[in-house]
Amino acid sequence: MLRSEFTNVIDLTDYGTDWWLDVVKLASDIYDAPEKYSSAAAGKVMATLFYEPSTRTQMSFQAAMLKLGGALIGFDNPATSSVAKGENLKDTTKIVSSYSDILVMRHPEEGAAKAAALTADCPIINAGDGSHLHPSQTLLDMLTLYREKGRLTDLTIGLCGDLLNGRTVHSMCNALCRFKGIRFVLISTEELGMPAYIKEMLDAAGCAYEENPSLEDAIGGLDMLYMTRVQKERFSSEAEYERLKNAYTLDPAKMAKGRDDLIVLHPLPRVDEISMDVDDDPRALYFKQAKYGLYARMALILTVLRDPKRGSELLKGEKHEGVSCPNAKCITRRERYLPKTFISRGGYLECEYCSYRQKV
Amino acid sequence: MLRSEFTNVIDLTDYGTDWWLDVVKLASDIYDAPEKYSSAAAGKVMATLFYEPSTRTQMSFQAAMLKLGGALIGFDNPATSSVAKGENLKDTTKIVSSYSDILVMRHPEEGAAKAAALTADCPIINAGDGSHLHPSQTLLDMLTLYREKGRLTDLTIGLCGDLLNGRTVHSMCNALCRFKGIRFVLISTEELGMPAYIKEMLDAAGCAYEENPSLEDAIGGLDMLYMTRVQKERFSSEAEYERLKNAYTLDPAKMAKGRDDLIVLHPLPRVDEISMDVDDDPRALYFKQAKYGLYARMALILTVLRDPKRGSELLKGEKHEGVSCPNAKCITRRERYLPKTFISRGGYLECEYCSYRQKV
Amino acid sequence: MLRSEFTNVIDLTDYGTDWWLDVVKLASDIYDAPEKYSSAAAGKVMATLFYEPSTRTQMSFQAAMLKLGGALIGFDNPATSSVAKGENLKDTTKIVSSYSDILVMRHPEEGAAKAAALTADCPIINAGDGSHLHPSQTLLDMLTLYREKGRLTDLTIGLCGDLLNGRTVHSMCNALCRFKGIRFVLISTEELGMPAYIKEMLDAAGCAYEENPSLEDAIGGLDMLYMTRVQKERFSSEAEYERLKNAYTLDPAKMAKGRDDLIVLHPLPRVDEISMDVDDDPRALYFKQAKYGLYARMALILTVLRDPKRGSELLKGEKHEGVSCPNAKCITRRERYLPKTFISRGGYLECEYCSYRQKV
């Protein structure tokens with residue numbers, strides 16, 4: 001087993017729901033009284049290492065650190081960074097972490113944050129590793145529910161759009177299925193439906209769900225509707241896209257069928273899946289949700305900085321002679337020095353970096 | 001009428017000359033005793049959203065905020081920012097403004113800052129919208145006069161170079177014509193002369209001006225000479241440029257004809273219109289003027305932060321059936337959701353975003 | 001003679017060894033008790049003007065300023081900076097220095113920092129001018145020796161790799177040859193050997209050195225081994241590179257021949273010249289050396305800010321009718337307005353910007 005001495009936030013499920021709730025409650029408290037926290041990170045430096053541009057996420061983390069009284073270094077684009085281009089991940093993160101008190105990393109490859117945490121000299125927060133994990137997004141979604149619905153239990157939640165490829169909705173299922181009385185309504189085309197392994201996870205957790213291809217039908221029964229981007233190129237053809245896109249576009253007519261206490265979220269940026277004339281509806285909470293993101297990240301940073309050496313398990317699995325991860329987006333493909341370890345699950349080996357499962 | 005609850009600085013003429021003078025006097029006070037203001041913005045976050053690179057303006061605003069004890073987020077280039085590329089202006093500025101206490105925006109399209117202010121959740125300062133408006137430049141020019149000449153009245157001001165396309169000199173006319181005893185000397189070729197509507201504005205304000213194609217002739221009568229860039233491509237031909245460029249280049253020989261109390265300004269960057277051997281002349285104040293820019297921006301930021309919810313009128317005009325703005329650089333051309341409103345002026349409709357006038 | 005009123009750090013040899021030791025000791029003190037210095041630069045603004053990307057150096061300087069409680073402006077890439085592209089060095093640095101308390105400059109051309117210091121309105125630290133000088137690198141190497149060996153005297157130091165083109169090792173020779181009991185072992189191929197003028201300098205200083213083409217042979221006698229990058233394109237042929245590269249790669253087998261109190265440094269980034277399985281050897285100090293870089297830069301910034309107007313000599317030489325510097329990388333080639341001055345040394349004229357020597 002390989003541990004880090006630091007309090008890393010790579011995957012929310014490394015922590016229990018109590019820890020999540022502590023972060024959410026802290027975020028809520030910061031929201032109500034930010035001035036109490038305005039020097040909480042004074043004298044600390046946070047590095048934001050963004051190996052792909054994600055301006056909104058980066059600015060949200062940066063504003064969060066600044067509102068805690070901390071300071072910032074970092075880069076935002078591999079094209080303009082000599083470090084990001086020319087050097088292995090270990091050397092870069094080892095050096096930057098020796099300058100910093102906390103490191104926030106975004107990377108296009110899956111498992112990058114965990115790989116960096118193996119050798120870094122400060123705690124790491126994963127701000128998105130490819131389409132794999134993005135824990136602060138899940139925390140801000142929970143904060144939004146906590147503030148706007150008053151609870152994380154007994155909710156009917158519609159997930160609409162591209163459920164096949166949507167990291168955000170997968171994480172939400174994985175997180176909320178642990179709370180009681182959660183019921184999901186999965187709203188998508190057949191082609192873009194929720195992957196089987198997520199549905200198996202919901203079943204295993206005893207979490208109810210139904211599938212309903214019609215947003216118009218489903219909206220009336222929801223406490224919360226989570227919209228996601230539907231990218232044209234995900235459809236089987238241009239014609240198919242044109243035929244279906246209206247069905248999955250939220251507009252005032254569909255909003256009229258929703259309850260008064262419905263709330264509508266979206267991880268943003270949107271393309272066309274929510275029409276702009278929904279923005280002024282008081283149930284449209286996606287901009288407020290983005291604002292909650294600031295507070296969720298303040299709470300996350302503060303939680304780490306208050307107890308930076310809690311330690312965390314990184315690799316629990318084992319090497320298997322001659323086996324490497326076949327996922328082309330896995331960080332072990334580029335960073336060859338990483339120990340290639342896997343966890344055995346049934347007849348599968350799960351890569352400990354990117355979670356890809358291969359048959360044994 | 002569409003108002004913002006915030007204190008935006010989109011167009012200086014939204015405020016009266018008393019307000020300008022308050023900002024200029026505050027800037028002057030900060031210049032004399034910066035330490036009194038070193039924590040004035042503590043705990044506040046300013047976002048600089050630069051949709052086109054303008055490094056000097058951005059650094060000036062950033063240094064201003066830092067010298068007030070505030071903090072910074074932002075981006076400097078659409079090419080390296082995922083937000084600037086992929087998203088409408090409303091969503092980006094709505095989200096970033098929810099993280100920030102003040103937002104400074106530079107944009108290549110005219111009317112962009114006003115468009116953003118319609119929905120933003122914090123005050124906006126316009127740091128240049130195309131070739132339209134740049135209020136902090138005008139304030140720093142006024143501060144320079146106030147500090148170096150001791151007054152904003154009874155001055156003979158030479159404006160030299162490309163007066164046709166020069167945003168800076170148009171704004172200066174618009175601002176200073178409101179003070180008594182201002183007299184302009186317009187120094188340029190016929191082709192690059194001051195536009196008719198500016199001269200009409202000066203006439204309407206009862207502000208004296210004369211046109212003089214010779215810098216050499218005119219310089220002896222000036223209290224202040226404002227030089228501007230003359231770009232080769234503005235001339236009718238390369239030959240014309242070669243013939244005329246020396247006439248509009250300020251050099252030691254021409255400086256010798258200026259008075260001892262002349263001051264020379266330039267918005268910078270210069271190309272060749274001021275020769276470098278003028279730099280050591282004590283009347284060459286363009287570098288000091290750039291330094292005043294820091295203090296003008298400190299005063300502007302502080303004025304907004306001290307009273308962020310003064311409110312401001314944004315759209316006072318009306319929609320006209322079937323009418324849109326024909327200006328290709330107008331922000332309404334790209335951001336289709338914006339209400340297209342116009343103010344009727346004589347036989348014209350003036351676009352409320354970019355000020356372009358079309359015949360009815 | 002042309003002086004600046006400010007305390008510039010362009011070339012370490014502008015200062016005596018006592019000054020270096022003061023900086024090193026201050027850095028060591030900050031390392032031991034950083035909290036004593038956490039507000040030492042409060043209210044100060046540092047500009048980092050990076051005319052070429054060098055992310056690690058820039059982040060090290062930035063973290064240093066932030067850990068002193070100071071604030072930052074700057075740019076990191078000419079491609080995304082309007083200032084860096086469109087303007088002469090004088091105007092840019094003159095303006096930015098009027099916003100700043102200290103300016104850190106990286107530039108691809110040799111002599112750029114000195115050129116900027118001629119007219120800047122605040123102190124300048126040279127963070128690398130082409131392959132010419134990089135004083136903070138030398139200070140951090142000295143700090144590493146001071147902390148890890150307890151002395152800067154009586155050391156046997158191996159320099160390995162490309163000694164012909166390595167700015168870092170040239171600077172180290174120039175610095176350490178001034179301390180007593182230093183002995184260099186120069187480990188490289190004949191083609192990539194130490195230039196004659198460095199060996200002459202060592203001779204003149206009475207500093208012992210020997211040449212040894214075999215790292216394996218030499219390592220056993222060393223107190224410190226300084227590895228440097230060996231770039232494939234420096235070799236006379238691909239075949240030559242393949243034949244020699246293993247000889248100059250540090251691996252566990254060679255480490256086994258080193259003494260227990262050997263320390264291994266590298267300016268980083270490395271390519272293949274240190275294999276990653278050396279990283280866990282306690283004698284491998286290159287990551288710790290990078291961390292010392294943070295403290296060396298804190299001490300350097302603080303030393304300048306404590307006494308910013310100590311003054312410094314910039315040009316001591318003379319113009320020579322019709323003579324300009326033939327070095328294509330010299331800053332005087334692009335910035336034509338600079339006074340072209342030279343120092344006579346024997347039958348040579350040495351350019352005061354880039355140190356290039358031409359025969360008279």
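Our structure is the block above this text.
The sections below set out a description of the structure shown in this document. (Residues numbered from 1 in each chain as written. Chains lettered and ligands numbered in written order. Predicted model: local features only at pLDDT ≥ 70, side-chain atom pairs only at ≥ 80, totals over all residues. Heavy atoms only, no water.)

## Thoughts on the environment of C:Asp32
Residues and elements named next belong to chain C.
No. 1: With respect to the helices and strands, Asp32 occurs in helix α1 (residues 17–32).
No. 2: Note: C-alpha distance between Asp32 and Val104 (72 residues apart in sequence) is 25 Å.
No. 3: A polar contact of 3.1 Å, which involves the side chain of Asp32, links it to the side chain of Arg147. (Helix = DSSP H or I, 4+ residues; strand = E, 2+ residues; numbered from the N terminus. Polar contact = N/O pair within 3.5 Å; in protein donor to acceptor, adjacent residues only side chain to side chain.)

## Observations regarding the pairing of strand β9 (residues 224–227) of chain B
Residues and elements named next belong to chain B.
No. 1: On β9, burial covers both faces: Met224 and Tyr226 on one face and Leu225 and Met227 on the other are all buried.
No. 2: In terms of strand pairing, β9 meets strand β10 (residues 263–265) through 3 bridges, oriented parallel. Its bridge partner being in β10, Tyr226 is matched across the sheet by Leu265. (Buried < 20%, exposed > 50% of the residue type's maximum accessible area, 1.4 Å probe, protein only. Pairing = 2+ DSSP bridges.)

## Digging into the relation of the copies chain B and chain A
Note that the two copies of the chain are related through a rotation about an axis and a translation along the same axis.
No. 1: Of the two same-sequence chains, chain B is brought onto chain A (RMSD 0.0 Å, axial shift 0.0 Å) by a rotation of 120°. When the rotation and shift are considered jointly, the pair of chain copies conforms to a three-fold rotation axis.
No. 2: The overlap is low: 9% of the interface residues of chain B also sit at the interface in chain A, so different surfaces are used on the two sides. (Least-squares fit on C-alpha atoms with pLDDT ≥ 70 in both. Contact = heavy atoms within 4.5 Å.)

## Concerning α1(C)
No. 1: Over its 16 residues, α1(C) runs 22 Å from end to end, which matches the ideal 22 Å to within 8%, given 1.5 Å per residue.
No. 2: Along its buried surface, α1(C) packs onto α6 (135–148), α7 (167–176) and α12 (286–306) of chain C. (Expected span 1.5 Å × (residues − 1).)

## Observations regarding the interface of chain B and chain A
No. 1: Counting residues at the interface gives 23 residues for chain B, matched by 22 residues for chain A.
No. 2: A buried area of about 2,000 Å², summed over both sides, lies between chain B and chain A, and 63% of it is on carbon and sulfur atoms.
No. 3: Between B:Glu87 and A:Arg56 there is a salt bridge; the shortest N-O distance is 2.3 Å.
No. 4: Counting across the interface, chain B meets chain A through 4 residue pairs in polar contact (both at pLDDT 80 or more).
No. 5: For the side of chain B that touches chain A, the element with the highest residue contribution is helix α4 (residues 89–99) of chain B, accounting for 7 residues.
No. 6: Tallied by class, residues from the side of chain B that touches chain A come to 11 nonpolar, 7 polar and 5 charged. (Buried area = accessible area lost by both parts, 1.4 Å probe. Salt bridge = Lys/Arg side-chain N within 4 Å of Asp/Glu carboxyl O. Nonpolar A, V, L, I, M, F, W, Y, C, P; charged D, E, K, R; others polar.)

## Overview of the relation of the copies chain C and chain A
No. 1: Least-squares fitting of chain C to chain A yields an RMSD of 0.0 Å, with the superposition described by an axial translation of 0.0 Å and a rotation of 120°.
No. 2: Comparing contact sets, just 9% of the residues at the interface of chain C also lie at the interface in chain A, consistent with a heterologous contact between different surfaces.

## Some details on the packing of aromatic side chains
No. 1: All told, the structure shown has 18 aromatic pairs over all chains when counted by the stated rule.
No. 2: Ring plane angle 45° and centroid distance 6.3 Å describe the contact between B:Trp20 and B:Phe179, whose orientation is recorded as tilted. On the criterion of sequence distance, the pair formed by B:Trp20 in helix α1 (residues 17–32) and B:Phe179 in the loop between α7 (167–176) and β7 (182–187) is long-range, its members being 159 residues apart.
No. 3: Residue classification places B:Trp20 among the buried residues on the basis of a relative accessible area of 1%.
No. 4: Members of the aromatic cluster, each reached through a chain of ring pairs, are A:Tyr31, A:Tyr292 and A:Tyr295.
No. 5: Positioned above the aromatic ring of B:Phe287 is the side chain of C:Lys94, whose terminal nitrogen or guanidinium carbon lies 5.5 Å from the ring centre.
No. 6: When the ring centre of C:Phe61 is taken as reference, the NZ or CZ atom of C:Arg297 above it lies at 5.0 Å. (Phe/Tyr/Trp six-rings, centres within 6.5 Å; stacked < 30°, edge-to-face > 60°. Lys NZ or Arg CZ within 6 Å of the ring centre and 35° of its normal.)

## Notes on the side chain of C:Lys67
No. 1: Tracing the chain through its elements places C:Lys67 in helix α2 (residues 55–67).
No. 2: Polar contacts involving the side chain of C:Lys67 include one to the side chain of A:Asp101, which spans 3.0 Å.
No. 3: If sequence neighbours within four positions are ignored, C:Lys67 has contacts with A:Gly43, A:Val45, A:Tyr99, A:Asp101, C:Tyr37, C:Ser38 and C:Met298.

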